[in-house]
Amino acid sequence: MNIHEYQAKDILKRYGVRIQEGIVAETPEEAVAAAKRLTEETGTGWHVIKAQIHAGGRGKGGGVKLAKNLEQVKELAGQIIGMQLVTHQTGPEGKKVNKVLVAQDVYYPGDSEPKEFYLSILLDRAKGQNVIMASTEGGMDIEEVAEHTPDKIFKEWIDPAVGLQGFQARKIAFAFGLEGEAFKEMVKFVTNLYKAYLDTDASMFEINPVLKTSDNKILAVDGKVDLDDNALFRHKDLADLRDLAEEDPLEVEASKSNLNYVKLDGNVGCMVNGAGLAMATMDIIKLSGGEPANFLDVGGGANAQTVEAGFRLILQDPNVKAILINIFGGIVRCDRVANGVVEAYKNIGTINVPIIVRLQGTNAEEGARIIDESGLKVFSAVALKEAAQKVKDVLATA
Ligand code: GDP
Ligand code: MN
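Named according to an unreviewed UniProt entry, the protein chain is Succinate--CoA ligase [ADP-forming] subunit beta originating from Rufibacter immobilis. The UniProt entry for the protein chain carries the following comment under Sequence similarities (unreviewed entry): "Belongs to the succinate/malate CoA ligase beta subunit family." Heading Pathway (unreviewed entry) of the UniProt record for the protein chain holds this comment: "Carbohydrate metabolism; tricarboxylic acid cycle; succinate from succinyl-CoA (ligase route): step 1/1."

As C-alpha cells, then:
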C-alpha cells in the first residue's frame, strides 16, 4: 500500500528522522493558513507547494512550486489543487491532485552548497536481506543513475539476525563524502530511517532527495513509502492512511469483494480461479489474437456470489468485447460454478458480450451440460485450445 509524502514524513518524524516540515491543505485558503503557521513555527518566509499524489516525478511535472510570499502560496495552491498532474509514473492520463503539502523552504536563499543525496531501503529478495541503497546523485531519477552510472550507487545489505550495525551506517555517511557534524547527523538519519522501515513492516522507503544544508543539517525533503499489505493487520494506524481516491475504482471495488483484480487495457475480460491459471489464461487470450482486459483471480472457493461480483466488475469496463471464464474444479465442483455462472447471468440481466466458459476438473461434463442447456448466450468449452478458438471466433464477429 502506498501512502502520501506528508504521511510518510509523519512516520519519519516519529522516529526522529529530521524532515522538511509541512502542513497538508485541501484549499488555497487552508494553504495560506498553513503557511502562516509554518512561518511562526519554523521562521521560514518562503514555502514550497507540493502536490500530494501517489506517484513520483511531481517536480518535473509541475507539481512542486516555490512561493515567496502568501499571495503566491494562494495562487500556486489554487493552480496545483484540482490539476491533472502528469508524471512519468502516472501514465499519460495523469492523476488528479486533491491535496497539497505546504512545506518550509529548506534550500536557504543564498545557500551556496545545498547537497542532495539519494537513500532507499528495500528488500533484496535474492539475498533474503534488506538493502540500503545510497547515492550522491540525489534529486535524479534513480533508474537513470542505475542505467548510466551504476557505480554511483552504494549498497549495504543488512543481516536480519543482527540488524543494522553502527559501522554500516557510518559506511553510508562516508560514501556520501561527509565529515564532522554532517557525518554524525547522517549516521543518526540512516539509523532512525532503518528503524522506521522495520517497525512499519514497509517494503520500501525512498528518500529522494535527502538534503544537507550549508549548516550541516540532514533532512528528508521527500518521502516515498510502500507498506506491505500483508502486514497491515498489525498496524491499524497505518492501515487508516489508505487513500482510496488514489486507487483505481474498480480495484477498490474488487478488494471489497475479496477479489484479486488488476485492470488492464485489452478487450477480453477474464475470470479465473488461481493466479497461475489466470496468467496462463491471459497468455491464451493473447495467442488467440485478443488482449486481456484484466487479471481476475476469484480464489479457490468460487461460488455464485463471487462469480457475480466478478461479472459486474468486468462489465464495468467499457472496452470488454468478450469474457472468458476459466475455472479448474479442484476443491470447487464445476457444476456448482456453472450454476453460479447461470445464476449470476440471470441476476445481472442484460449482458451484451459473449461469454465463453471453460470448466475442467471435478464434474466438468455436468458443468458443460448446465451451461449448454441454460439457453443463455454462454458458450462452453472443455479444452483450453477450444476456449481460445471460441474467443477468436467471437472477437471476429464482435
Ligand atoms: P518529486 O519530484 O515527486 O520527487 O518531489 P520532491 O519532493 O523530490 O521535490 C522535487 C524537487 O523540488 C526536489 O528535488 C527539489 O529540487 C525541489 N524542492 C523540494 N523542496 C524544496 C524547497 O524547500 N526549496 C526549493 N527551492 N526547492 C525544493
Ligand atoms: Mn523526490
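Still more ground to cover, so stick around.
A.B. asks: Outline the UniProt feature "domain: ATP-citrate synthase/succinyl-CoA ligase C-terminal" (unreviewed entry) in the protein chain, listing residues and values.
C.D. replies: Mapped onto the present numbering, the UniProt feature "domain: ATP-citrate synthase/succinyl-CoA ligase C-terminal" (unreviewed entry) falls on residues 271–391. The distance from the first to the last C-alpha atom of residues 271–391 is 14 Å, and the span holds 48% helix and 21% strand.

A.B. asks: Quick rundown of the coordination of the manganese ion (ligand 2)? Include the residues and the values.
C.D. replies: Bound to the manganese ion (ligand 2) are the protein donor atoms Asn208 (O) and Asp222 (OD), situated 2.2 Å from the metal. Note that Asn208 is positioned in strand S10 (residues 202–212) and Asp222 in the loop between strand S11 (218–220) and strand S12 (224–227), a separation of 14 residues in sequence. Overall, Asn208 belongs to the buried group, its relative accessible area being 15%. Exposure remark for Asp222: the relative accessible area of 19% places this residue in the buried category.

A.B. asks: Before we move on, can you summarise the site of ligand 1 with the specific residues and values?
C.D. replies: Looking at ligand 1, there are 17 residues lining it, with Lys50, Arg58, Gly59, Asp105 and Val106 nearest. Between Gln20 and ligand 1, the recorded distance is 2.9 Å, taken from a side-chain N or O atom to an oxygen atom. In the model, an oxygen atom of ligand 1 is placed 2.6 Å from a nitrogen or oxygen of the Lys50 side chain. Taken by itself ligand 1 offers 560 Å² of open surface, and the protein chains cover 79% of this. If you list the elements that add at least two residues to the shell around ligand 1, you get strand S2 (47–51) and S10. Taken together, the residues of the shell around ligand 1 break down into six nonpolar, six polar and five charged. Shared between two domains, the shell around ligand 1 takes at least three residues from each, and those domains are domain 1 (1–19 + 108–246) and domain 2 (21–105).

A.B. asks: Outline the pattern of salt bridges, listing residues and values.
C.D. replies: Summed over the entire model, instances satisfying the criterion amount to 21 salt bridges. In this structure, Lys50 engages Glu5 in a salt bridge whose closest nitrogen and oxygen atoms are separated by 2.8 Å. Highlighted residues: Lys50 in strand S2 and Glu5 in helix H1 (residues 5–14), separated in sequence by 45 residues. When its relative accessible area of 4% is taken as the criterion, Lys50 is described as buried.

A.B. asks: Tell me what's going on with the side chain of Asp335, and back it up with residues and numbers.
C.D. replies: With respect to the helices and strands, Asp335 occurs in helix H11 (residues 334–348). By relative accessible area, Asp335 is classed as buried at 11%. For Asp335, the side chain forms a polar contact with the side chain of Asn363, separated by 3.3 Å. In this structure Asp335 touches Asn363, Glu366, Gly367 and Ile370, once residues within four positions along its chain are discounted.

A.B. asks: So what's going on with the packing of aromatic side chains? Residues and values would help.
C.D. replies: If you walk through the whole model with that rule in mind, you get three aromatic pairs. Put simply, the rings of Tyr194, Tyr197 and Phe205 touch in pairs and so form one group of aromatic residues. The ring of Trp157 has Lys127 sitting right over it, with the charged end atom 3.9 Å from the ring centre.

A.B. asks: So what about the UniProt feature "binding site: Mg(2+)" (unreviewed entry) in the protein chain? Which residues, and what values?
C.D. replies: Following the UniProt record, the feature "binding site: Mg(2+)" (unreviewed entry) maps to Asn208 and Asp222 here. There is a polar contact of 2.6 Å between the side chain of Asn208 and the backbone nitrogen of Gly139. If we ignore the near neighbours within four places in the chain, the residues touching Asp222 are Glu5, Lys9, Lys50, Arg58, Glu206, Ile207, Asn208 and Pro209. There is a polar contact of 3.0 Å between the side chain of Asp222 and the side chain of Arg58.

A.B. asks: Which residues make up the packing of helix H10 (residues 304–315) against H11, and what values go with them?
C.D. replies: Between two packed helices, what matters for the description is the angle formed by their axes and the separation of those axes. Viewed as axis vectors pointing N to C, H10 and H11 meet at an angle of 50 degrees, and their least axial separation amounts to 8 Å. Taken together, the axes of H10 and H11 are oblique relative to one another. Between H10 and H11 lies a crossing of right-handed hand. Contacts from Ala304, Val307, Glu308, Phe311, Arg312 and Leu315 in H10 reach Gly340, Val341, Glu343, Ala344, Tyr345, Asn347 and Ile348 in H11. Tallied by class, the residues present in the contact of H10 with H11 amount to eight nonpolar, two polar and three charged.

Definitions and cut-offs
Residues numbered from 1 in each chain as written. Chains lettered and ligands numbered in written order. Predicted model: local features only at pLDDT ≥ 70, side-chain atom pairs only at ≥ 80, totals over all residues. Heavy atoms only, no water. UniProt positions renumbered as here; feature names shortened; annotations may be inferred. Helix = DSSP H or I, 4+ residues; strand = E, 2+ residues; numbered from the N terminus. Donors = N, O, S within 2.8 Å, 3.2 Å for Na, K, Ca; no water. Buried < 20%, exposed > 50% of the residue type's maximum accessible area, 1.4 Å probe, protein only. Near = heavy atom within 4 Å. Polar contact = N/O pair within 3.5 Å; in protein donor to acceptor, adjacent residues only side chain to side chain. Areas by Shrake-Rupley, 256 points an atom, 1.4 Å probe, with all protein chains shown as cover. Nonpolar A, V, L, I, M, F, W, Y, C, P; charged D, E, K, R; others polar. Domains from an automatic or database assignment. Salt bridge = Lys/Arg side-chain N within 4 Å of Asp/Glu carboxyl O. Contact = heavy atoms within 4.5 Å. Phe/Tyr/Trp six-rings, centres within 6.5 Å; stacked < 30°, edge-to-face > 60°. Lys NZ or Arg CZ within 6 Å of the ring centre and 35° of its normal. Axes fitted to C-alpha atoms, helices over the stretch in contact; angles between N-to-C directions. Parallel < 35°, antiparallel > 145°, perpendicular 65-115°, else oblique. Left-handed = near helix turned anticlockwise from the far one by under 90°.

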